[in-house]
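# Commentary on secondary and tertiary structure
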Amino acid sequence: MDYEKLAELLFSDIKTIPEEYENKYAPRSLPKGARVTRFAPSPTGYLHIGGLFSALISKLTADVSGGSFYLRIEDTDKKREVEDGVSGIVKGLSDFGIDVTEGVTGLDSEVGDYGPYTQSKRVDIYKCFAKDLVRRGLAYPCFCTPKELSNMREEQEKDEITSGYYGEFAKCRNLSFEEISKNISAGIPYAIRLRSPGTEDGKVTFDDLIKGKIEMPENIMDIVLLKTDGIPTYHFAHCIDDHLMRTSCVVRGDEWISSVPIHIQLFRVCGFKVPKYAHIAPIMKLDDGGKRKLSKRKDPEAAVEYYSKSGYPKESVLEYLFTLANSNFEDWRRANQDALLSDFPFSLKKMSVSGALFDLQKLNDVSKNVISFMSADEVLEKTLAWAKEYNTSFYELLVADETKSREILNIDRKKAKPRKDIAKWSEVLEYVSYFFNEIYEADSSALPENINRTDAVEILKAYNWNATDDKDEWFQRVKDLCEPFGFTPNVKEYKENPDAFKGHVGDVSTVIRVAMTSRTNTPDLYSIMQILGEDEIKNRIKAAIAAWEKK
Ligand code: GLU
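This text gives an overview of the structure that appears in the document. (Residues numbered from 1 in each chain as written. Predicted model: local features only at pLDDT ≥ 70, side-chain atom pairs only at ≥ 80, totals over all residues. Heavy atoms only, no water.)

On to the overall build of the protein, then. Secondary structure summary: the protein contains 22 helices and 16 strands in total. Expected size for 551 residues packed as a compact globule is a radius of gyration near 24 Å; at 33 Å, the protein overshoots this value by more than 25%. Viewed in the frame of its principal axes, the protein has a C-alpha envelope of about 110 × 45 × 45 Å. Taking all contacts inside the protein whose residues are at least 6 apart in sequence as the whole, residues at least 24 apart take part in 72%. With the model as given, the accessible surface of the protein reaches about 26,600 Å², and the carbon-plus-sulfur share is 49%. Across the protein, 77 positive and 89 negative side-chain charges occur, with their mean positions spaced 3 Å apart. (Helix = DSSP H or I, 4+ residues; strand = E, 2+ residues; numbered from the N terminus. Rg over C-alpha atoms; globule rule 2.2 N^0.38 Å. Contact = heavy atoms within 4.5 Å. Areas by Shrake-Rupley, 256 points an atom, 1.4 Å probe, with all protein chains shown as cover. Lys, Arg positive; Asp, Glu negative; His and termini not counted. Charge placed at Lys NZ, Arg CZ, Asp CG, Glu CD.)

Below, the structure is given as C-alpha cells:
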C-alpha cells in the first residue's frame, strides 16, 4: 500500500506537516521541574464543584512547581454543548479565585502562545497529525456503519469475547487503495482509526502522581481518531493538544484511568513524550449511610453557582477545598493562621486516592472561621457585593448608613477569639436585623423561662442607661440592678448557693439583652446599645415592659 498516496487521497486539503506545529509551539522555557497543567472542561455552561476542585488541584500543581496553568475548552462533543457554555465556567473559576491567565478567558477570547485553546478551532491541526499517521501506515479510514458496528458488538458479546474494533474484527484495517478510493468516490462516510500496535498480552505501566503505580493491559483497539465529520475523539484531541500545548502533567478525573493505555499508545505512536498523569477521585457525599458522587441532578451544592448565590466568600470555599485536597492542610492552617493559601506546600502525593467527602457543615465551620478573621470593612464590602446581586432591599438598608453598618459588623471583631456567627453573606441579614427597625420584629417570648416576667419588668423600669458610660461604668450599672431585685452580681456566689438568689448578673443582662434584641445570644451588648442610641433604647425598654406586663 502506498500510504503517502492514501494520505493525499484522504486529506488533500491539508497542506501542513507536523513539524510546522512543532516549531510554532516550541517547548515552554520554564525552570527544571516546573509543571504545565490545564483544566479542560466541556462547555456545558455549568461548573461542578468537582470541576472547580480539579481546576484548583491542577493550578496548585503548576503553581508549587513554578510552572503554568491554562484553560482549554473541549467542545468536540456537540451533544453536551450549550449556547455560550464558556462564560459560566470562566466566571465560576474566577469567582472562586482561579484566574485564568492563559487559554480561554471568555466567550471568543483567549490569551497565550499555544492557542487556539478551543478544540473546535483546531480541526486542521488534528487533521494534519491524522494525515501524518496515515502517511506512516499507523491510521486508516473505516467505512463501517453504526449498524455494522453494533451488530459486531452484539456478536462479540454473544460469543463472550472482548468487544470492540480490533484484530480480525477490524474489517477496514486492510482495505486496498482501490477499495478505499471506490468507497470515497461513492461518498461513503468514513472515520479515521488508529492501527493499534498493541498485543493481547502486552502490558503498560505508569506512575500516577496520585494513585501510584498502575499496570494495565495494553490497548489493542483500533480506536477512532477522527469521527466521520472530521472531529477528533477525546482521545486523539487529548494527545495532540496536550502535546502541542506542552502539558507536562495531566490532572483530570479518575474516570479517565481506564483510557490511559489508549493515551500512552497514542503519544508513542505520534512520537510524543508521554505526560505525567494525576487522576483525581470524584468528590463524594454521604447519603443514607453510603457514599456516592455529588450529583448535578440531585445535589444543588454540586453547582459552583450555589456557593456564590448563598454568599459563601471565595476565601472560604477555597479554604475548604484545600482541606479536601490535602489531609495535612488543617494542621498547617492551625500553625499558620495568617498565612496565605498560596504559601501552603500543596502536594499531589497527599491527595485522597478514593475520593474526599464533601460536607456542607464542615464548609460552614471553615467559613465562619474565615469570616471571623476578616475586618468589618471587608465583611461590609463583601456583604454589599453579595446583597447588591441577590437581595437588593437588604443592600439598600446597609448602604443607607454605611458607618452604622460598619460599626455593627465591627462588634467583637479583632479580638483574640473573634465570634464565629456568620458562614455566608446571606446570613448577615438575620445577624444584624435587630439594628434596623425596618426589619426588626420584637419578640416578647424570647425571655428565658427561668426569668420571671415581673422581675424583668421591674429591672427594666429601674434601669437607667447613660450615654456617656464607658464599658465598665455600663456594667457596674447592670450589676447595681442585681441586689434590689434578689439577684447577685457574683456568678460564683450564685453557683455556690443557687437557692439564695433569683439569679445572677448574667440573667439581669439577659433581661436587657432580650429587651434590646429579642435574643439571648448576641455580640457585646454594650456596643449594641451604643449603636442603637438613647431614643431607640428607651423605645425598646418601653415596648418590652408593655409586652411583659401584658402576660
Ligand atoms: N473534557 C474532559 C472532561 O470534561 C476533560 C478531561 C481532561 O481533563 O482531559 O471530562
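In the vicinity of the ligand, the contacting residues are Arg38, Ala40, Ser42, Glu74, Tyr234, Arg252 and Trp256. One of the side-chain nitrogen or oxygen atoms of Tyr234 is found 2.3 Å away from an oxygen atom of the ligand. In the model, an oxygen atom of the ligand is placed 3.4 Å from a nitrogen or oxygen of the Trp256 side chain. Here the ligand loses 85% of its free accessible area of 300 Å² to cover by the protein chains. Classifying every residue of the shell around the ligand gives three nonpolar, one polar and three charged. (Near = heavy atom within 4 Å. Polar contact = N/O pair within 3.5 Å; in protein donor to acceptor, adjacent residues only side chain to side chain. Nonpolar A, V, L, I, M, F, W, Y, C, P; charged D, E, K, R; others polar.)

Let us now look at the pattern of salt bridges. A complete count under the given rule lists 41 salt bridges for this structure. The residue Arg122 makes a salt bridge to Asp241 at a minimum N-O spacing of 2.7 Å. Of this pair, Arg122 sits in the loop between β4 (109-111) and α5 (123-135) while Asp241 sits in helix α8 (residues 234-244), placing them 119 residues apart in sequence. For the residue pair Arg122 and Asp241, the accessibility class agrees, reading buried in each case. Here Arg334 ties to Asp331 by a salt bridge, and the two come within 2.9 Å at their closest N and O atoms. Placement of both Arg334 and Asp331 in helix α12 (residues 329-335) is noted, with a separation of three residues, approximately one turn of the helix. (Salt bridge = Lys/Arg side-chain N within 4 Å of Asp/Glu carboxyl O. Buried < 20%, exposed > 50% of the residue type's maximum accessible area, 1.4 Å probe, protein only.)

Residue placement: Gly290 occurs in strand β13 (residues 290-293). Residue classification places Gly290 among the partly exposed positions, given a relative accessible area of 29%. For the pair Gly290 and Asn450, spaced 160 residues apart in sequence, the C-alpha to C-alpha distance is 43 Å.

Throughout the structure, instances matching the rule amount to 23 aromatic pairs. Between the aromatic rings of Tyr320 and Phe358, the centroid separation amounts to 5.3 Å while the plane-to-plane angle is 80°, which identifies the pairing as edge-to-face. Separated by 38 residues along the polypeptide, Tyr320 in helix α11 (residues 314-325) and Phe358 in strand β14 (residues 357-358) bring together distant segments of the chain. Considered together, Tyr320 and Phe358 belong to a single accessibility category, that of buried residues. Summarising the aromatic geometry, the rings of Trp474 and Phe475 are spaced 6.3 Å apart at their centres and angled 25° between planes, so their arrangement reads as stacked. For Phe475, a relative accessible area of 33% gives the class partly exposed. These aromatic residues form a ring-pair network of at least three members: Tyr21, Tyr25, Tyr114, Phe129, Phe267 and Phe272. One residue, Arg193, lies across the ring of Tyr165, its end atom 3.7 Å from the ring centre. (Phe/Tyr/Trp six-rings, centres within 6.5 Å; stacked < 30°, edge-to-face > 60°. Lys NZ or Arg CZ within 6 Å of the ring centre and 35° of its normal.)

The residue Leu6 is located in helix α1 (residues 3-10) in this model. Among the residues examined, Leu6 registers a relative accessible area of 1% and is labelled buried. Through-space distance from the C-alpha of Leu6 to that of Lys213 is 40 Å; in sequence the pair is 207 residues apart. Residues in contact with Leu6, not counting those within four places in the same chain, are Met1, Val134, Pro141, Phe177 and Ile180.

Another aspect to go through is the sheet that holds β14. Spatially, three strands are ordered β13-β12-β14 in an open sheet, and the strand pairing comes out mixed. The sheet terminates laterally at β13 and β14, the two strands that pair on one side only. Pairing of strand β12 (residues 284-287) with β13 involves four bridges; the strand directions are antiparallel. Following the sheet pairing, Lys285 is matched in β13 by Arg292. (Pairing = 2+ DSSP bridges.)

Once that is clear, we can look at the layout of surface pockets. Put simply, the second largest pocket is a space of about 960 Å³. The wall of the second largest pocket is formed by 33 residues, among which Glu315, Glu319, Arg333, Ala339 and Leu341 lie closest to the centre. Elements with a minimum of two residues in the lining of the second largest pocket: α3 (49-64), α11, α12 and α13 (360-372). In terms of residue count, α11 provides more of the lining of the second largest pocket than any other element does, six residues in total. Here the lining of the second largest pocket is composed, by residue class, of 15 nonpolar, five polar and 13 charged. (1 Å grid on protein atoms, 1.4 Å probe; cavity = no way out; pocket = protein on both sides within 12 Å on 5 of 7 lines; lining within 4 Å. Points joined across faces, edges and corners; volume = space filled by probe spheres on them.)

So, on to the packing of helix α18 (residues 453-462) against helix α22 (residues 525-550). One can describe the packing of α18 onto α22 by two numbers: an axis separation of 9 Å at closest approach and a directional angle of 155°. Of the possible angle classes, the one that applies to α18 and α22 is roughly antiparallel. As α18 runs across α22, the sense of the crossing is left-handed. Judged by residue contacts, Arg453, Ala456, Val457, Leu460 and Lys461 of α18 engage Ile541, Ala544, Ile545, Trp548 and Glu549 from α22. In terms of residue class, the contact of α18 with α22 is built from seven nonpolar, no polar and three charged. (Axes fitted to C-alpha atoms, helices over the stretch in contact; angles between N-to-C directions. Parallel < 35°, antiparallel > 145°, perpendicular 65-115°, else oblique. Left-handed = near helix turned anticlockwise from the far one by under 90°.)

Turning next to the packing of α1 against helix α7 (residues 177-185). Across the interface, α1 lies against α7 with an axial gap of 11 Å and an inter-helix angle of 5°. When the axis of α1 is compared with that of α7, the two are roughly parallel. Across the interface between the two elements, Lys5, Leu6, Leu9 and Leu10 from α1 touch Phe177, Ile180, Ser181 and Ile184 from α7. Looking at side-chain class alone, the contact of α1 with α7 contains six nonpolar, one polar and one charged residues.

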